[in-house]
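Spelled out from the first residue to the last, the chains are:
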Amino acid sequence: MPELPETTVISEDVATLAGGREVVRAAVFRPDVTNVVPEEFGRRLVGRRLRGTGRRGKVILLDFGEVVGVVHLVISGRVLRLSGWTEPDRTNTAVLEFEGGLVLAFTRLWLGYFHLYEPGELDGHPLISRLGPDPFSDGFTPEYLTDVFRRKASVKGLLLDQSVVAGLGNIYVDEVLFAAGVHPARKANTLHGEEIRKVHTATRDILRRAIELRGTTFDSYHDAFGETGKFQHQLKVFARAGGPCPRCGAEITKSRVAGRGTHTCPSCQPL
Ligand SMILES: [Zn+2]
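Rules used in this analysis
- Residues numbered from 1 in each chain as written.
- Predicted model: local features only at pLDDT ≥ 70, side-chain atom pairs only at ≥ 80, totals over all residues.
- Heavy atoms only, no water.
- Helix = DSSP H or I, 4+ residues; strand = E, 2+ residues; numbered from the N terminus.
- Buried < 20%, exposed > 50% of the residue type's maximum accessible area, 1.4 Å probe, protein only.
- Contact = heavy atoms within 4.5 Å.
- Phe/Tyr/Trp six-rings, centres within 6.5 Å; stacked < 30°, edge-to-face > 60°.
- Lys NZ or Arg CZ within 6 Å of the ring centre and 35° of its normal.
- Pairing = 2+ DSSP bridges.
- pLDDT = per-residue confidence, 0-100.
- Salt bridge = Lys/Arg side-chain N within 4 Å of Asp/Glu carboxyl O.
- Core = buried A, V, L, I, M, F, W, Y, C linked by side-chain atoms within 4.5 Å.
- Donors = N, O, S within 2.8 Å, 3.2 Å for Na, K, Ca; no water.
- Tetrahedral: all angles 85-135°; square planar, octahedral: opposite > 155°, others 65-115°.

Engineer: Teacher, can you tell me more about the environment of Arg 25 here?
Structural biologist: Mapping Arg 25 onto the fold places it in strand S2 (residues 23-28). Its relative accessible area of 38% is what places Arg 25 among the partly exposed residues. Sequence spacing of Arg 25 and Trp 85 is 60 residues, and the spatial spacing of their C-alpha atoms is 8.6 Å. Residues within four places of Arg 25 in sequence aside, it is in contact with Val 46, Trp 85, Val 95, Leu 96 and Glu 97.

Engineer: I'm lost on the packing of aromatic side chains in this one. Help?
Structural biologist: Two descriptors summarise a pair of aromatic rings, namely the distance from one centre to the other and the angle between the planes of the rings. Throughout the structure, instances matching the rule amount to two aromatic pairs. Judged by centre distance (5.0 Å) and plane angle (85 degrees), the ring pair of Phe 106 and Phe 114 falls under edge-to-face. One exposure class covers both Phe 106 and Phe 114, and it is buried. Taken together, the aromatic side chains of Phe 41, Phe 106 and Phe 114 make up a single cluster linked through ring pairs. Its end group placed over the ring of Phe 178, Arg 247 keeps NZ or CZ at 4.4 Å from the ring centre.

Engineer: Mind showing me how you'd approach the pairing of strand S7 (residues 94-98) here?
Structural biologist: For a regular strand, the rule is simple: side chains alternate between the two faces of the sheet. Burial of S7 is extensive: five of the five residues sit out of reach of the surface. In S7, alternate side chains face the same way, and those of Ala 94, Leu 96 and Phe 98 on one face and Val 95 and Glu 97 on the other are all buried. In this structure, S2 lies alongside S7, joined through five bridges in antiparallel fashion. Paired with Ala 27 across the strands is Val 95, a residue of S7. Bridging between S7 and strand S8 (residues 102-107) involves five bridges; their strand directions are antiparallel. By the bridge assignment, Leu 96 is partnered in S8 with Leu 104.

Engineer: What is the right way to look at the confidence of the model for the protein in this model?
Structural biologist: In the predicted model, the protein carries a mean pLDDT of 84, and the fraction of residues at 70 or more is 84%. Contacts of residues 215-228 to residues separated by more than four positions or lying in other chains number 32 contacts, the stretch itself having pLDDT below 50.

Engineer: For this particular structure, what's the right way to read the pattern of salt bridges?
Structural biologist: Note that side chains of opposite charge can pair when their charged atoms are close. According to the stated counting rule, one finds 11 salt bridges in the structure shown. Between Glu 97 and Arg 25 there is a salt bridge, with its nearest N and O atoms 3.1 Å apart. Of this pair, Glu 97 sits in strand S7 while Arg 25 sits in strand S2, and the two are 72 residues apart along the sequence. Between Glu 66 and Arg 48 there is a salt bridge, with the nearest N and O atoms lying 3.9 Å from each other. A residue pair is termed long-range when its members are at least 10 positions apart, and Glu 66 in the loop between strand S4 (59-63) and strand S5 (68-72) and Arg 48 in the loop between helix H2 (38-45) and strand S3 (52-56) qualify at 18 residues. Relative accessible area serves as the criterion here: at 59%, Glu 66 is assigned to the exposed category.

Engineer: How should I be thinking about unusual backbone geometry in this particular structure?
Structural biologist: The phi torsion of most residues other than glycine is negative, and most of the peptide bonds are trans. The phi torsion at Ala 239 lies on the positive side, around 60 degrees, for a residue other than glycine. Inspection of the secondary structure assignment puts Ala 239 in the loop between helix H8 (193-216) and strand S10 (253-257). By relative accessible area, Ala 239 is classed as partly exposed at 41%. Located in the positive-phi region is Ala 258, a residue other than glycine, with phi close to 55 degrees.

Engineer: Help me understand helix H7 (residues 170-180), please; the structure alone is not making it clear to me.
Structural biologist: Counted residue by residue, H7 has 10 buried out of 11 residues, so it is predominantly covered. Listing the buried residues of H7 in full gives Asn 170, Ile 171, Tyr 172, Val 173, Asp 174, Glu 175, Val 176, Leu 177, Phe 178 and Ala 180. Downstream of H7 by one or two residues, Gly 181 has phi in the positive range, about 70 degrees.

Engineer: I'm lost on the nonpolar core in this one. Help?
Structural biologist: Taken as a class, soluble globular proteins show a tendency for nonpolar side chains to be buried jointly. Counting residues in each nonpolar core, the largest one holds 33 residues, and the members touching the most others are Leu 145, Phe 149, Leu 159, Tyr 172 and Val 199. If you list the elements that add at least two residues to this core, you get helix H5 (142-148), helix H6 (155-160), H7 and H8. With seven residues, the top contributor of residues to this core is H8.

Engineer: Please clarify how the coordination of the zinc ion should be interpreted in this entry.
Structural biologist: A four-donor tetrahedral metal ideally has 109.5 degree angles, and a six-donor octahedral metal ideally has angles of 90 or 180 degrees. Only Cys 245 (SG), Cys 248 (SG), Cys 265 (SG) and Cys 268 (SG) from the protein coordinate the zinc ion, and they sit 2.2 to 2.4 Å from it. With four donor atoms in place around the zinc ion and angles of 101 to 114 degrees between them, the coordination shape is tetrahedral. Along the chain, the residues donating to the zinc ion are arranged with the sequence spacing C-x2-C-x16-C-x2-C. Taken together, the residues span a long stretch of sequence, with Cys 248 in the loop between H8 and S10 and Cys 265 in the segment after strand S11 (260-264) at a distance of 17 residues. Classification of Cys 248 as partly exposed rests on a relative accessible area of 38%.

Here's what the structure looks like:
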């Protein structure tokens, strides 16, 4: 397929461009990008008019009347205007065509999503009312982490909590805590300043690397962990239980922390 000329639009422009227009076609690339089955994604949007848009942090709200689109761009996501309809793919994760030939692509939603809700479900939605800062935003600082780590919850549980930091999944949290040398089951309020700074740095480093690798290859789409891209080949501890720690050679163990399968090096990440 030839490269389409495309323009980045900021989310505020979505209202200017598409406000009042009816959706004529809509599709998503991967089932995990949305909260409805992919066929339903189009069915629920086609024939509806965009009445307005809103923003809460990096979450864009698209008001289609009886349906509200909740788009979380997280780190890599952008909204692009395409020159014509194109089927969703690894880059154009969700595509909407409006009447008049306007095509908007919600691109690179590798950690993000395009959910559909009924308006009544929205206000109490935890992700919207209490979404934590994006890991690359100015609000995500060591000081911010120091503040949220005053709680007694496990450090892994807190990092998985989307109201603490947006967009960190199970795999990333294990890799971040390995890189920081912090055991996932540690109570967050026992971490000292240097450890918190390491967690902060590792979060950005690992997510940046994951995004870069997904950006270059998406071929092994949907591996055993439901993850995409080549980043799984760079994992140091995740899914490596029984194997040697790449740093010290000790055997990587698997346990359960915060209700999730958790991979640690007992020697590099003492409890
Ligand atoms: Zn080790």
